[in-house]
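Structural overview
Here's the letter readout for the chains.
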Amino acid sequence: MDVNIWMVLGFLLAAYSVVANDSLQTLGTYISSNRARTPRWIQMSFICTITLVVLGLGWSMNNGDPTWGRLEHFPLPETFTWVYVLPPMAVLALTAWGAPVSTSFLVLTSFVPNNIGKLLQSSLSGYVLAFGLGWTVWWLGMWMLERWVFRRTRDHKEFNVIWYGLQWCSTGFLWSMWMVQDLANIFVYLPRSLGMLPMVLCTVILCIGLCLLVVIGGGPIQGVLSSKTNMADLRSATVIDFTFGLCLLIKAGLSSFPLSTTWVFLGLIGGREVALRFKEKSLDEVFTNRNGGELHQIIGNDIGKASVGVLVSVLFALGLQPLIAWSTG
């Protein structure tokens, strides 16, 4: 079908709103830790190079589909109107509020509301997988790293520069896995098969948005990280990023159906925090962040905000359907 102005506008808004919202999960720590250390043009080059590779591979391996086949169950509407531009605008509003909103629910379900149940199931299974992996990894041994990091930070000791190299590797891995999962939320506004020129234009637009993200220093929802143990520390964040990327890789291998990466991220940091708090209790030694409140408050607050995002997304998607029918009819 021909591309109209609403499809282009929807793509532009989705590209910015999705990346800005999900910067909490993927690029937040990388951007903040390199702000005063690495020139911005190097950060931009690094992120854009990975973006170019992932987009190019997905496009070439899937007959012009850069989303790695994740829009198979989300066909493009026969008539594309201005109503479909509203979901990414809602993402921007919720991001400004500071909610870890699921862009998958808010954007994708507006196109095919019947997929809400399957999308919820896919996301919840991702949460459970990430929670279990987070608990296992940090309970079985990674707690020793967190205790060491806590002590080093408390004593104001510097860390080895090798951690910067490890962080770049883990960020690159996570960013590539995130794109495989979440590019569907952006390219849902465009035809399912793109030619060379449209693909080049889309890649340039995404890279411009990422460069803007580096300039402004991340998104407003990074406050969610402040209540977790050592989340601002480069060493802890490096391990978290790699484990998060591993979760997304496992889910990508199990199913090509989209999911909420926000819920996977919350599951991982939730399982990690539970493991650290219980290990701390068994050792009778404090090495976790207590400023964020009790464990049930931290986990409940994150899930509560994310649940509000899902509820708003579902209501928004269902509420749009009469408006879509009126605008196309």
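Being a predicted model, the structure only gives us computed values, none of them experimental.

Scanning the chain from N- to C-terminus turns up 12 helices and 0 strands. What you see in the chain, going N to C, is helices and strands ordered as α-α-α-α-α-α-α-α-α-α-α-α. The buried share of the chain, reckoned over its 329 residues, is 56%. Across the chain, the fraction of contacts at a sequence separation of at least 24, relative to all contacts at a separation of at least 6, is 84%. Looking at the chain as shown, the accessible area adds up to about 13800 Å², and 67% of this sits on carbon and sulfur atoms.

Structurally, the position occupied by Ser110 is in helix H5 (residues 103–111). Here Leu106 takes part through its backbone oxygen, which lies 2.9 Å from a polar atom of the side chain of Ser110. Ignoring anything within four residues of it in the chain, the contact list for Ser110 reads Tyr84, Pro87, Phe316, Ala317, Leu320, Gln321 and Ile324.

Ile47, Phe111, Trp175, Ile186, Phe187 and Tyr189 are the most contacted members of the largest nonpolar core, which has 86 residues in total. Here the element with the most residues in this core is helix H7 (residues 162–182); it accounts for 9 residues. Ignoring any residue separated from it by four or fewer positions in sequence, one finds Ile186 in contact with Phe11, Ala14, Ala15, Val18, Val19 and Leu206.

The next point concerns a nonpolar patch on the surface. On the surface, Val3, Ile5, Trp6, Val8, Leu9, Leu12, Trp82, Ile205 and Trp326 cluster together into a nonpolar patch covering about 830 Å² of accessible area. Looking at the element boundaries, Val3 is found in the segment before helix H1 (5–26). According to the relative accessible area criterion, Val3 is partly exposed, its value standing at 46%.

What follows concerns the pattern of salt bridges. Under the criterion given, the structure shown has 3 salt bridges. For the salt bridge of Arg272 with Glu146, the shortest nitrogen-to-oxygen distance reads 3.2 Å. Pair noted here: Arg272 is in helix H11 (residues 261–283) and Glu146 is in helix H6 (residues 116–154), with a separation of 126 residues, a long-range link. As far as the burial class goes, Arg272 and Glu146 line up, both buried. The shortest N-O distance in the salt bridge between Arg277 and Glu273 comes to 3.5 Å. Note that Arg277 and Glu273 are positioned in helix H11 at a spacing of 4 residues, about one turn of the helix. It is possible to trace a salt-bridge network through shared partners that takes in Glu146, Arg272, Glu273 and Arg277.

So, about the packing of aromatic side chains. Inspection of every chain in the model, using the stated rule, returns 16 aromatic pairs. Aromatic side chains Phe74 and Phe257 sit 5.8 Å apart centroid to centroid with 45° between the ring planes, which places their arrangement in the tilted category. In this pair, Phe74 is assigned in the loop between helix H3 (40–61) and helix H4 (86–97) and Phe257 in the loop between helix H10 (234–254) and H11, connecting sequence segments 183 residues apart. Using a relative accessible area of 0% as the deciding quantity, one classes Phe74 as buried. Given the relative accessible area of 5%, Phe257 is considered buried. Residues Phe80 and Tyr189 carry aromatic rings whose centres are separated by 5.9 Å and whose planes lie at 65° to one another, so their mutual orientation is edge-to-face.

So, about the packing of H5 against H6. Running from N to C, H5 and H6 point in directions that differ by 160°, and their axes come no closer than 10 Å. For the element pair H5 / H6, the angle class is roughly antiparallel. Taken as a pair, H5 and H6 cross one another with a handedness that is right-handed. Here Ser104, Phe105 and Thr109 of H5 lie close against H6, whose contacting residues are Ile116, Leu119, Leu120 and Ser123. A class-by-class count of the residues in the contact of H5 with H6 yields 4 nonpolar, 3 polar and no charged.

Before going further, it helps to spend a moment on empty space enclosed by the protein. For the structure shown, the criterion picks out 4 cavities of 30 Å³ or more. For the second largest cavity, the calculated volume is near 50 Å³. In terms of lining residues, the second largest cavity is bounded by Val19, Thr51, Trp175, Trp178, Met179, Leu183, Ile186, Leu206 and Leu210. Those elements that provide at least two residues to the lining of the second largest cavity are H7 and helix H9 (196–216). Residue contributions to the lining of the second largest cavity peak at 3 residues, all from H7. The residue makeup of the lining of the second largest cavity, split by class, is 8 nonpolar, 1 polar and no charged.

Reading guide: rules and limits
- Residues numbered from 1 in each chain as written.
- Predicted model: local features only at pLDDT ≥ 70, side-chain atom pairs only at ≥ 80, totals over all residues.
- Heavy atoms only, no water.
- Helix = DSSP H or I, 4+ residues; strand = E, 2+ residues; numbered from the N terminus.
- Buried < 20%, exposed > 50% of the residue type's maximum accessible area, 1.4 Å probe, protein only.
- Contact = heavy atoms within 4.5 Å.
- Areas by Shrake-Rupley, 256 points an atom, 1.4 Å probe, with all protein chains shown as cover.
- Polar contact = N/O pair within 3.5 Å; in protein donor to acceptor, adjacent residues only side chain to side chain.
- Core = buried A, V, L, I, M, F, W, Y, C linked by side-chain atoms within 4.5 Å.
- Patch = residues over 30% accessible without salt bridge, like charges linked within 9 Å, V, L, I, M, F, W, Y side chains within 5 Å.
- Salt bridge = Lys/Arg side-chain N within 4 Å of Asp/Glu carboxyl O.
- Phe/Tyr/Trp six-rings, centres within 6.5 Å; stacked < 30°, edge-to-face > 60°.
- Axes fitted to C-alpha atoms, helices over the stretch in contact; angles between N-to-C directions.
- Parallel < 35°, antiparallel > 145°, perpendicular 65-115°, else oblique.
- Left-handed = near helix turned anticlockwise from the far one by under 90°.
- Nonpolar A, V, L, I, M, F, W, Y, C, P; charged D, E, K, R; others polar.
- 1 Å grid on protein atoms, 1.4 Å probe; cavity = no way out; pocket = protein on both sides within 12 Å on 5 of 7 lines; lining within 4 Å.
- Points joined across faces, edges and corners; volume = space filled by probe spheres on them.

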